[in-house]
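Notes for the structure review
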Amino acid sequence: MTNGDAGPSVDTQPAEFAVARPEIETAADVARERDMMRALSRAAQSVQQARAPEQVYDAIGRGLDAMAYHTTVMILDRERQNLWLAYVSMRDTVRRRVEKLLGIVLEEFCIKIEPDSLYHDILYGEEPRFFDLLLEPMSQALPRIVRPMTGQVLAMLRFGHGIFAPMRLDGDPIGLLAVAGKDLRATDTTAMSAFAAQAAIAIQNARLYEELEQANVDLERKVERRTAELRRTKERVEAVLNNSPDAVLLLTPDGTISSANPAFTGMFGYAPDELYDHDPALLICPTCADRFSQAMHKAKSGDGVQRLELKARRKDNTGFDASLALAPIMENGERISMVCTLRDVTGAKELERMKDEFVAFIAHELGTPLTSIRGYSELLLIRDLDKERQRRFLSLIQEQSTQLSGLVGDLLDLSRLEVGNGLSVDPRPIDLGKIVYRAVDPFRETSPGHTFGTDVAPDLPPVRGDSKRLRQVVRNLLSNAIKYSPEGGTLTVQVRALDDFVEVSVSDEGIGIAPEYQAHLFEKFNRAGVADSGIEGTGLGLVICKHIVEAHGGRIGVKSAPGVGSTFTFTIPVAG
Ligand code: ADP
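Here we come to the overall build of the protein chain. The helix and strand inventory of the protein chain stands at 15 helices and 18 strands. For a compact globule of 576 residues, the expected C-alpha radius of gyration is about 25 Å, and the protein chain comes in at 54 Å, more than 25% above that figure. Expressed as lengths along the three principal axes of its C-alpha atoms, the size of the protein chain is roughly 165 × 65 × 50 Å. By the burial criterion, 40% of the 576 residues in the protein chain qualify as buried. When contacts within the protein chain are restricted to residue pairs at least 6 apart in sequence, those whose partners lie at least 24 apart make up 62%. Total accessible area on the protein chain stands at roughly 32,600 Å², and carbon and sulfur atoms take up 51% of it.

Before going further, it helps to examine a negative patch on the surface. Negative charge collects at one region of the surface, where Glu54, Glu210, Glu211 and Glu213 lie side by side. By secondary structure assignment, the location of glutamate 210 is in helix α7 (residues 189–243).

Spatially, β13-β15-β16-β18-β17 is the arrangement adopted by the 5 strands of the open sheet, whose pairing is mixed. The open sheet terminates on both sides in strands that have one partner only, identified here as β13 (450–456) and β17 (556–561). Averaged over all pairs of adjacent strands, the angle between strand axes in this sheet comes to 15°, irrespective of strand direction. The pairing of strand β16 (residues 501–507) with strand β18 (residues 565–573) spans 7 bridges and is classified as antiparallel. The residue of β18 that forms the bridge with serine 507 is threonine 567. Along the sheet, helix α12 (residues 432–446) makes contact with β13, β15 (489–498), β16 and β18, crossing β13 at roughly 170°. In this fold helix α13 (residues 467–483) packs onto β13, β15, β16 and β18, with an angle of close to 175° to the strand it touches most, β18.

Here the focus is a positive patch on the surface. Taken together, Arg91, Arg97, Arg158 and Lys182 make up a surface patch of like positive charges. Note that arginine 158 resides in the loop between α6 (150–157) and β5 (161–169).

Turning our attention to the sheet that holds strand β11 (residues 334–344). Think of a sheet as strands paired side by side through backbone hydrogen bonds, with each pair either parallel or antiparallel. The 5 strands are arranged β8-β7-β11-β10-β9 in an open sheet whose pairing can be described as antiparallel. Two strands close off the open sheet at either side, each with one partner strand: β8 (257–260) and β9 (306–313). Going from strand to strand, the sheet's axes swing by 30° on average, the running direction of each strand aside. The pairing of strand β7 (residues 247–251) with β8 spans 3 bridges and is classified as antiparallel. Paired with leucine 250 across the bridge in β8 is serine 259. Together, β7, β9, β10 (319–331) and β11 form the strand contacts of helix α9 (residues 289–300), whose direction differs from that of β9 by roughly 145°.

What follows is about the packing of aromatic side chains. For any pair of aromatic rings, the description rests on two quantities: the centre-to-centre distance and the angle between the ring planes. Going through the model one piece at a time under the given rule, you end up with 7 aromatic pairs. Look at phenylalanine 264 and tyrosine 270: their rings are 6.2 Å apart centre to centre, the planes differ by 5°, and that puts the pair in the stacked class. Here the aromatic cluster, defined as three or more aromatic residues joined through ring pairs, consists of Phe264, Phe268, Tyr270 and Phe320. One residue, arginine 51, lies across the ring of tyrosine 209, its end atom 4.6 Å from the ring centre.

Attention shifts here to the state of the cysteines. If you walk through the whole model with that rule in mind, you get 0 disulfides. Here cysteine 285 stays free of any disulfide, with the sulfur of cysteine 288 as its closest cysteine sulfur at 6.2 Å.

This part takes up empty space enclosed by the protein. Within this structure, the stated rule accounts for 2 cavities of 30 Å³ or more. Taken as a whole, the largest cavity holds about 370 Å³ of empty space. What lines the largest cavity is a set of 26 residues, and nearest its centre among them are Thr72, Met138, Ala141, Leu157 and Phe159. Contributing elements (two or more residues each) for the lining of the largest cavity: β1 (70–76), β2 (82–88), α3 (92–102), α5 (135–141), α6, β5 and β6 (172–181). Across the lining of the largest cavity, the residue classes break down as 23 nonpolar, 3 polar and no charged.

Let's shift gears to the site of the ligand. As a structural note, the neighbourhood of the ligand is formed by 20 residues, with Asn480, Tyr484, Arg527, Thr538 and Leu542 the closest of them. Against a free-state accessible area of 530 Å², the protein chains account for coverage of 97% of the ligand. Of all the cavities here, the one that holds the ligand is the largest pocket. At 3 residues, the largest contribution of residues to the shell around the ligand is made by α13. Considering only residue class, the shell around the ligand consists of 9 nonpolar, 8 polar and 3 charged.

What follows deals with the layout of surface pockets. The calculated volume of the largest pocket comes to roughly 1,800 Å³. What lines the largest pocket is a set of 50 residues, among which Arg475, Asn476, Ser479, Asn480 and Lys483 lie closest to the centre. For the lining of the largest pocket, the secondary-structure elements that each account for two or more residues are α10 (346–382), α11 (387–418), α12, α13, α15 (541–551) and β18. Per-class residue counts for the lining of the largest pocket are 17 nonpolar, 21 polar and 12 charged. Reported here for the second largest pocket is a volume of approximately 530 Å³. In terms of lining, the second largest pocket is formed by 20 residues, of which the most central are Ile75, Leu76, Asp77, Arg78 and Arg207. At 5 residues, α7 tops the list of elements feeding residues into the lining of the second largest pocket. Residue composition of the lining of the second largest pocket, by class: 10 nonpolar, 1 polar and 9 charged.

Rules used throughout
Residues numbered from 1 in each chain as written. Predicted model: local features only at pLDDT ≥ 70, side-chain atom pairs only at ≥ 80, totals over all residues. Heavy atoms only, no water. Helix = DSSP H or I, 4+ residues; strand = E, 2+ residues; numbered from the N terminus. Rg over C-alpha atoms; globule rule 2.2 N^0.38 Å. Buried < 20%, exposed > 50% of the residue type's maximum accessible area, 1.4 Å probe, protein only. Contact = heavy atoms within 4.5 Å. Areas by Shrake-Rupley, 256 points an atom, 1.4 Å probe, with all protein chains shown as cover. Patch = residues over 30% accessible without salt bridge, like charges linked within 9 Å, V, L, I, M, F, W, Y side chains within 5 Å. Salt bridge = Lys/Arg side-chain N within 4 Å of Asp/Glu carboxyl O. Lys, Arg positive; Asp, Glu negative; His and termini not counted. Charge placed at Lys NZ, Arg CZ, Asp CG, Glu CD. Pairing = 2+ DSSP bridges. Axes fitted to C-alpha atoms, helices over the stretch in contact; angles between N-to-C directions. Phe/Tyr/Trp six-rings, centres within 6.5 Å; stacked < 30°, edge-to-face > 60°. Lys NZ or Arg CZ within 6 Å of the ring centre and 35° of its normal. Disulfide = S-S within 2.5 Å. 1 Å grid on protein atoms, 1.4 Å probe; cavity = no way out; pocket = protein on both sides within 12 Å on 5 of 7 lines; lining within 4 Å. Points joined across faces, edges and corners; volume = space filled by probe spheres on them. Nonpolar A, V, L, I, M, F, W, Y, C, P; charged D, E, K, R; others polar. Near = heavy atom within 4 Å. Sits in = over half its atoms within 2 Å of the grid points.

In structure tokens:
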């Protein structure tokens, strides 16, 4: 047994070890007991500083070992059926010999707690037990089969006497402290019991601490997960708002602006925070103000989402067609804010207007020749006309019906282009020169006021083309050249070979096209400023020509000067 510090009297002993002492016989006994109390007190202090349960077991064992005892700390499992070895003071060589002798591994060793067994009695009994000889507790601890070797084991260990003190909390055992030593006395049980009580509290504290630590780690993980989730949700919402093509405004429950997304800035020209705390009515044209304030009133009174089409107003006071939605954001039945989204529907409105115009235009274009055809045919039916007038009327009917069928053909081509199917071409090797001749010839008769010239290069390579469609292109360009040369003049069609293409150009000496119209010439319904000129047309011919040429892998373009004339040129790739 170690000697404690000399000096301090019994009064200075730590309070927790001021335990009742049985009769003290000699001064040496008093000194021994005082030293033991001090040493135990120091051991208890280091035990209490340990954090994790394993550290506590170690501190208990080492603390008592430091007093020259052999210590064993045993911990009762949750089911209170086994005592597990948590600390054994044994030199490695001795440990190996014991393990070999008994055929066990101490780390896995446990004592089964049977009812009415010695260890049951010790754990649940009132007092710690002093054993003069350790034979009984040692043999009871061992499996039956190796019990006959207890004597041998004890001889190896040379433990001497022993005290077995249960570690209890509120009377419930949580483990057992076994201390062995040659100079242990029965009177030491009281001090050991007090130490065991301290050790039990330290174990309990360490377990609680560990649980608390674990709970803390779990909580931190949960918070981290939740924070990450929230961040992701926030990022998603921000991504939606930042990339939305619609202007999105967040309004306070009273209906003033609290924030806006980037699309709002782009759409209205205000800086992001410029309208903070303002009335969104500022964004609406005065003509629509009443409808907007009614919708706002309804949204505030819980009438659900309000939608309306109105004229919105930018910062520079310009207006545009917008579709607006006002939706309250509710939380626990209370309106906490409102969302106002505004979509620029100028394009859709324009499209609607164009569709209306198109229908009116088509009705007019179809109606005019039909009226003539009906008028002349009625005249032919009800009047007895001379041969000469009959011929004239019939040729007028034929002219109008040709115009009608051309228009219907163009419309059909256009509708095919609109649905995205493109124009069907059936390409095969053909001679573009021949196609040009065949397209020009009929015009020589029907347009006597114009002079036609053809300049077709000899030995043209064949092109890969659809002859019907390419004839349609040449005819279209020729009829335009005639139509837009009301004063007559020379029309020249030239065909020549370029590297991998054959090029066809149709030139006239007509009215020409102003430069500002040339860029959009090949767009549908574009009449390049001639709508009011009295020259009839639909603005479809060139669009169709462009699609046919491009479907062949070629290109089409124009060079023109007002009052001088125009040259339309297209290329088609050579075959092979
Ligand atoms: P349309 O002749 O039926 O109006 P097109 O698509 O064929 O439609 O032509 C579009 C516009 O291009 C015409 O309205 C006209 O203003 C201009 N244009 C086409 N060809 C000529 C040309 N040879 N000379 C002058 N202007 C032309």
